[in-house]
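# Observations on the three-dimensional arrangement
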Amino acid sequence: MKDEVTSREERIENLKGMGCSRKRVEDARFTQGKGNYVDDIKLDGMLFGDFVRSPYAHAKIVNIDTSAALEVPGVLAVLTAKDLEPLGLHWMPTLAGDRQMVLADGKVLFQGQEVAFVVAVDRYAAADGIEAVEVEYEELEVLVDPFKAMKSDVVLRPDTVAEDGSPAAGAHGPRKHHNHIFTWEAGDKGPTFETIDNAEVVAEETMYYHRTHPCPLETCGCVASMDKVNGKLTLWGTFQAPHAIRTVVSLISGIEEHNIRVISPDIGGGFGNKVGAYPGYVCSVVASIVTGKPVKWIEDRMDNLMTTAFARDYHMTGRVSATREGKITGLHCHVTADHGGFDACADPTKFPAGFMNICTGSYDIPTAFLQVDGVYTNKAPGGVSYRCSFRVTEAVYFIERMIEVLAIELNMDAAELRRINFIKKEQFPYKAALGWEYDSGDYHTAWDKALKTVDYEGLRAEQAQRVEDFKAGKTRSLMGIGLSFFTEIVGAGPVKNCDILGLGMFDSCEIRIHPTGSAIARLGTISQGQGHATTFAQILASEIGLPADSITIEEGDTDTAPYGLGTYGSRSTPVAGAATAMAGRKIRAKAQMIAAYLLEVHDNDVEFDVDRFVVKGAPEKFKTMKEIAFAAYNQAIPGIEPGLEAVSYYDPPNMTYPFGAYICVMDIDVDTGLPEIRRFYALDDCGTRINPMIIEGQVHGGLTEALAVALGQEIAYDDMGNVKTGTLMDFFLPTAWEVPNYETDYTVTPSPHHPIGAKGVGESPHVGGVPCFSNAIQDAFRPFGNRHTNMPHDHWRIWKTANELGLHD
Amino acid sequence: MIPAAFEYHRPKDMAGVLSILEEHGDDARVMAGGHSLIPMMKLRMADVPHLIDLQDVGGMSDIEIDADTIRIGAMVTQHDIIDNEALAQAAPILREAALQIADPQVRYMGTVGGNVANGDPGNDMPGLMQCLDATFTVVGPDGERDIAAREFYEAAYMTARGDEEVLTAVTIPVPMGGYAYEKQKRKIGDYATAAAAVQIVKDGGSCVSASIAMTNLSDTPIYSEAAGDALVGTSLDDAAIKAAVAAMLDDIDPTEDNRGPVAFKKHVAGVILRRAIERAWSRA
Ligand SMILES: Cc1cc2nc3c(=O)[nH]c(=O)nc-3n(C[C@H](O)[C@H](O)[C@H](O)COP(=O)(O)OP(=O)(O)OC[C@H]3O[C@@H](n4cnc5c(N)ncnc54)[C@H](O)[C@@H]3O)c2cc1C
């Protein structure tokens, strides 16, 4: 047999298991245009639905006249709230415990809100139908500023107010004002305030993390097909959590869950945009039920930017206290969170501000207090985690800016300040002041490696020289060194404290080994470009000893895949990856018994070796996993059921805490406000590395989205609530031209509680990247007195900073 | 993002184009590359019941260069401009400017005629053509006529071209001296925050002629004669450049948009013009 002459190294290589830069199996179809996205789905007689949207940010709906629209050739139906009301579907529950109008019920709360749903034979007829729907609006006072909203007499959401006009309690407790949604607290207020009030040094800063938007290349959409004969509803869509969508659809429609099949086909990027439940889904389902035909709804780019799930919009105020030597003693953070017209944040139920309480960052801060106030305004709902775990970009931006401000206050080097305050390796598992238990870390090693690689001291010397040259009139360019050290909290999460709509945030994997030694594994997650079909097969290859190339990974079809909570918040590897390893181990345990039987020894006398079980001490006696697989199906083995299958539902004991050290070097043209990124170094520690090439790809992508957000990507509103950045001309999506060369690096600190020690990486670069780019710009102006300026740092705002510092005089 | 229904016409010659224009008047519009017009139709900001595609008309895709003049057919694409070696020799500013328009995909489709006829203050070629003192040839029911680029632009989307006329060619005197097209934009594919086209002739260390035009800083391109005049007769010392910038700032009238407020735009316009002048001078 060939096996006998193959070396152990070759056998390992053949598996393409963990640690190997296996090429992405998905790319063959994607690079040939053979992907199958929701808009590629075409069914017989399929109709197209699209929305009449509100041009106003706040208005009463006086009347909707659909008669002219119904005359438009090809238009079959126009749904309004009145049509949905008898079904109880004119409103729907949000993931945050609030409710949201499916179609405008008496008023609209944001520009672009869904007012009526036009169903037509194709999207062209639907577009003409939309033009013909006549809606009479009566404009109301617009509130786009959450601070003003909290003082205004205008009641944005009359449905949340008791009869006496007082705000009714919300999903997260009492409310302070009729436009207030919740207050959420973590940590110890008294001791924190006392520490800060009596501290030697205190740095304070107010910062606004602007509203932006995840911008997947593919927008949101679905195809709903109700088969009236068998009563089954099939729903294809861009769902990051297909199983949760099935449950939600069942709960709100009353259709029994076994009669609903949700399928997420190929998804062209999600970044949090595709987690929520949107009116388009509900309307498509209703339209399919009403017409008896499949109905497709696909957002266009403007719809996507203006309506489905924004990210951030956090007004943050911080106070950090320290000793004169720079040891941090306390941290206080207050957030006013602008949630728009409905609270549709996608967070675990008990966390209305997500994991914002990771805002003590990578530092050993003995006492801290966080308070978040959610507020209604006339903006689109959402508040998703855009390429990050729940609100973690906000938290990390906050602390990484506060560190820089404190460094200024202390007149200290910001790299050194970080080093002084890092949680030490021996402190892990580390219990943070705001509640989390960090699993593992070695921050000092990572930081020192990063600083050394970029020659940090050399850079600082160069920067000092540049400042001198600038002051001497020899240059108009300043140099900024951006530092960022982040700790993410990903892999939500333990069922004891993490659920969405009551669904525990475990995940799952089901494996079937075929007789000839290949396999299929199905998971409760769904790839949107992360390469699950590649990496999960690698985990399994290492666990069960069959080549990754012989393992099919399937996700996204609720009729076949085991239940899971989906893919976002970097949870796939920490949770479903763990389930995969655990299911693989069940396979291996049974394989061990089969091998022992075949080798005629006791179970404990065989051991696993790469792709086989060998008799201990007699390596020439073995059975390969391929042979064992066949035996599982063709032999009657006493005491063992035929077949080789396993399923595992994994409830993680803790989150995982990836971390990293990023450094950016930038040159800034003071006169035009143009930043030029000269160097970007990213060291990531995501624990065990499954596929280094995929990790690098994820880091490049995450950094590019970080660059976008830091340097210009914004959803901006004018005072009337009009979206000013509704197209890609104004909404910054970087091209290859704007993106620098990234240098990637790593350390490996495995997660102690994860079966394979992996922590997740897809979102880290975004979380760490945003403050790094921002800090580089702020650092360039530090020698001239800059403390903090808000993102996005587009040309004019950088110019404005220079201008206000007197650098143009 | 779907345009209202329209009738699509694809005539084979100019006579066909003109007769459709005459028949439908305001309701008809010609389309060249479509990369300004189609987005406007999709946003339903332009309502074009009769769309006349110029692709089959012929005779408008040549670049002819002789000793004194360059004639560029209206259907010559921005990519053709970049690709033409002889043109790059004769008028290098055209290539420098074209490379700063949009991205390669847009430049394969977008035409010179469409760019100058469009009348959008964001377009780069109108200012460029004013700098080069180009002449636009249009043909209509009453035959052909020439209009100077410097006289062509009246307001945003309002030009001296009549609704029933088609622009057929752009003619420019072969430019002399040093050149520069300097443009600040937020990203690839963006219109200018500010852009300057500069052509300077130098003789024995002093400037004998200078032509300056600015883009996206008013509702039309701005040919600033005063800015050019401020340089003539000087050795382009700092005072001369300052005077040119000041003169230009008097001529422009930017408005606030997502690129920034007026003060920023004026400042950047000054910086961009200075850089363009310095680069053109270094090449003169
Ligand atoms: C993403 C993007 C970025 C862009 N960035 C830039 C940029 O940075 N700078 C820039 O200058 N442009 C930019 N453009 C516009 C692009 O250069 C257009 O192609 C150009 O403005 C118009 O040329 P066209 O051939 O596509 O004209 P069309 O879109 O076909 O027509 C534009 C207008 O001109 C009229 N027209 C066209 N040809 C004639 C003619 N021969 N006679 C009379 N009228 C005519 C049409 O009726 C229409 O009103 C950008 C476009 C896009 C989509």
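Reading guide: rules and limits
Residues numbered from 1 in each chain as written. Chains lettered and ligands numbered in written order. Predicted model: local features only at pLDDT ≥ 70, side-chain atom pairs only at ≥ 80, totals over all residues. Heavy atoms only, no water. Core = buried A, V, L, I, M, F, W, Y, C linked by side-chain atoms within 4.5 Å. Buried < 20%, exposed > 50% of the residue type's maximum accessible area, 1.4 Å probe, protein only. Helix = DSSP H or I, 4+ residues; strand = E, 2+ residues; numbered from the N terminus. Contact = heavy atoms within 4.5 Å. Near = heavy atom within 4 Å. Polar contact = N/O pair within 3.5 Å; in protein donor to acceptor, adjacent residues only side chain to side chain. Areas by Shrake-Rupley, 256 points an atom, 1.4 Å probe, with all protein chains shown as cover. Nonpolar A, V, L, I, M, F, W, Y, C, P; charged D, E, K, R; others polar. Domains from an automatic or database assignment. Buried area = accessible area lost by both parts, 1.4 Å probe. Salt bridge = Lys/Arg side-chain N within 4 Å of Asp/Glu carboxyl O.

### Notes on the nonpolar core
Residues Phe117, Phe355, Met356, Leu370, Val372, Tyr438 and Phe773 of chain A are the most contacted members of the largest nonpolar core, which totals 185 residues. When residues in this core are grouped by element, the largest group, 12 residues, is from helix α12 (residues 392–410) of chain A. In this structure, Tyr438 of chain A is in contact with Ile358, Thr360, Gly361, Ile423, Phe428, Pro429, Tyr430, Ala432, Tyr443, Thr487 and Tyr657 of chain A, ignoring residues within four places of it in sequence. Counting 54 residues, the second-largest nonpolar core is a separate cluster that includes Ile72, Ile82, Ala91 and Ile101 of chain B.

### Examining the site of the ligand
Residues and elements named next belong to chain B. Close to the ligand lie 30 residues, the nearest being Val30, Gly33, Gly34, Thr111 and Asp124. Within the side chain of Lys183, a nitrogen or oxygen atom sits 2.8 Å from an oxygen atom of the ligand. One nitrogen or oxygen atom from the main chain of Asp190 is found 3.1 Å from an oxygen atom belonging to the ligand. If the ligand stood free it would expose 960 Å²; the protein chains cover 94% of that surface. The set of elements that each furnish at least two residues to the shell around the ligand consists of β2 (28–31), α7 (112–118) and β10 (166–173). With 4 residues, the top contributor of residues to the shell around the ligand is α7. Of the residues assigned to the shell around the ligand, the class counts are 13 nonpolar, 12 polar and 5 charged.

### Observations concerning the domain arrangement of chain A
All names here are of chain A. Split into domains, chain A comes out as domain 1 (2–33 + 507–650), domain 2 (38–142 + 219–267 + 275–307) and domain 3 (310–492 + 655–804). Each of domain 2 and domain 3 was reduced to a C-alpha centroid, and the two centroids are 37 Å apart. Contacts between domain 2 and domain 3 engage 24 residues on the former and 24 residues on the latter. Each partner contributes to the roughly 1,900 Å² buried at the junction of domain 2 and domain 3, and carbon and sulfur atoms together form 62% of this total. Counting every contact that joins domain 2 to domain 3 gives 0 salt bridges. Connecting domain 2 to domain 3 are 7 residue pairs in polar contact (both at pLDDT 80 or more). Going through the elements one at a time, β5 (99–101) and α11 (301–306) are the ones with two or more residues in the side of domain 2 that touches domain 3. At 4 residues, α11 tops the list of elements feeding residues into the side of domain 2 that touches domain 3. Partitioned by chemical class, the residues of the side of domain 2 that touches domain 3 number 13 nonpolar, 6 polar and 5 charged.

### Points about the domain arrangement of chain B
Residues and elements named next belong to chain B. Taken domain by domain, chain B consists of domain 1 (7–53), domain 2 (63–173) and domain 3 (178–283). Spacing between the C-alpha centres of domain 2 and domain 3 amounts to 20 Å. Facing the 23 residues of domain 2 at the interface are 26 residues of domain 3. Here domain 2 meets domain 3 over a buried area of about 2,000 Å², counting both sides, of which 57% is carbon and sulfur. The tally of links from domain 2 across to domain 3 stands at 3 salt bridges. Where Lys183 meets Asp124, a salt bridge forms, and the shortest distance between an N and an O atom there is 2.8 Å. Counting across the domain 2 and domain 3 interface gives 15 residue pairs in polar contact (both at pLDDT 80 or more).

### Regarding the interface of chain B and chain A
Tallying the contact residues gives 24 residues for chain B and 27 residues for chain A. A per-residue breakdown of the area chain B buries against chain A is headed by Ile2, Lys187 and Asn258 of chain B, which together make up 27% of the total. Across the chain B-chain A interface, the total number found is 4 salt bridges. There are 15 residue pairs in polar contact (both at pLDDT 80 or more) connecting chain B and chain A. Among the elements that take part in the side of chain B that touches chain A, helix α12 (residues 262–283) of chain B stands out by supplying 6 residues, more than any other. Along the lines of polarity and charge, the residues of the side of chain B that touches chain A split into 12 nonpolar, 5 polar and 7 charged.

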